[in-house]
Amino acid sequence: VENGSHLEDVVADIDSERLDVELQGGERIVVDRRLIVFRAVESVSNETGVGDRITGVNGTDVDMERSFAAAVEDRPVATLRTESANATVPIGAFADRVASDGGLAAAGAPTDRHIIITHVGGERVVNQSALRPVLDEYDAGDQVTVVGYLDGDPGQSETYNVTLGGTDDTPLLGVTVREGYSGM
């Protein structure tokens, strides 16, 4: 493998849950690619904990991020099956802070609560990585509809008509998001 992007390309073509990797010095390691919760936000799920392995989404078995992403792509709320429990949670970009001077707050989103953003301008946002490309389709000053779930409550989505801030090169909602799916 020549570099990091080449590694990503090689790994993307492998369906195995475990990879046997030879490091530059000749040492061999096994990389476990199964879905392990490495961070859990309490307001999102009290049932899912750090170290739990996610084994299913809405009754569909999942083993790696690729199958997880496919299972939640069209589902803003999903029931996750782990080795210890089931948890029904909204799946999207977890914003742990809504800036009081940002567009989302100006549209009425509370600044003292978390929000999981699941749609922007009608496009599905499954995680933090998916949010930026969607926002980049707009310019600062544009109006977009944002759908999200406050404090991880899967029972009720909220819709906000947001005027984007930032610059035309970097339009912003006025939130700080954590990596991953729903803060996990």
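In this text, all values refer to a predicted model and were calculated from it rather than measured experimentally.

### With respect to the packing of aromatic side chains
And then number 1: All told, the structure shown has one aromatic pair when counted by the stated rule.
And then number 2: Ring centres of Phe 68 and Tyr 181 lie 4.9 Å apart, and the angle between their planes is 85°; this geometry places the pair in the edge-to-face category. Here Phe 68 is found in helix H2 (residues 65-72), whereas its partner Tyr 181 is found in the segment after strand E14 (175-177), with 113 residues between them in sequence. Here the two residues Phe 68 and Tyr 181 agree in accessibility, since each one is buried.

### Looking at the environment of Leu 104
And then number 1: Along the polypeptide, Leu 104 turns up in helix H3 (residues 103-106).
And then number 2: Overall, Leu 104 belongs to the buried group, its relative accessible area being 0%.
And then number 3: Separated by 58 residues in sequence, Leu 104 and Val 162 place their C-alpha atoms 5.6 Å apart.
And then number 4: Apart from residues lying up to four places away in sequence, Leu 104 is in contact with Val 98, Ala 109, Ile 115, Val 146, Tyr 160, Val 162, Leu 173 and Val 175.

### Topic: helix H4 (residues 128-135)
And then number 1: Within H4, the full set of buried residues consists of Leu 131, Val 134 and Leu 135. What you see down the axis of H4 is that its buried residues fit within an arc of 90°, all on one side.
And then number 2: Where H4 is buried, its residues touch strand E7 (93-98), strand E8 (115-120), strand E9 (123-124), strand E13 (171-172) and E14.

### Focus: the pattern of salt bridges
And then number 1: Counted by the stated rule, this structure contains six salt bridges.
And then number 2: Here Arg 53 makes a salt bridge to Glu 83, at a shortest N to O gap of 3.9 Å. Taken together, the positions of Arg 53 in the loop between strand E2 (28-32) and strand E3 (54-57) and Glu 83 in the loop between strand E5 (77-82) and strand E6 (86-90) put the pair 30 residues apart, joining distant regions of the chain.
And then number 3: The class of Arg 53 is buried, set by a relative accessible area of 15%.
And then number 4: Residues Asp 61 and Arg 81 are paired through a salt bridge, measuring 2.4 Å at the closest nitrogen-oxygen approach. Of this pair, Asp 61 sits in strand E4 (residues 60-61) while Arg 81 sits in strand E5, placing them 20 residues apart in sequence.
And then number 5: Judged by its relative accessible area of 60%, Asp 61 falls in the exposed class.
And then number 6: Residue classification places Arg 81 among the partly exposed positions, given a relative accessible area of 28%.

The rules behind each value
- Every chain's residues receive numbers from 1 upward, in the order its sequence appears when written.
- With pLDDT at 70 or above as the cut-off, local features in this predicted model cover only qualifying residues; side-chain atom pairs require 80 or more to be listed or tallied, and sums for whole chains, interfaces and linings still use all residues.
- Remark: hydrogens and water are excluded; side-chain values derive from all non-hydrogen atoms of the structure.
- Two aromatic rings from Phe, Tyr or Trp, using only the six-membered ring of Trp, form a pair when their centres are within 6.5 Å; if the ring planes differ by under 30 degrees the pair is stacked, by over 60 it is edge-to-face, and anything between is tilted.
- Numbering goes from the N terminus for both helices and strands, where a helix is a DSSP run of H or I of at least four residues and a strand is a run of E of at least two.
- For each residue, the accessible area found with a 1.4 Å probe, counting protein chains only, is set against the maximum for its type, and the residue is called buried under 20%, exposed over 50%, and partly exposed in between.
- Working rule for contacts: check all heavy atoms of both residues, and any pair within 4.5 Å makes them a contact.
- Directions drawn from the helix axis to the C-beta atoms are what define this arc.
- Each reported salt bridge corresponds to a side-chain nitrogen of Lys or Arg within 4 Å of a carboxyl oxygen of Asp or Glu.

Geometric descriptors of this kind do not, in isolation, establish any biological role.
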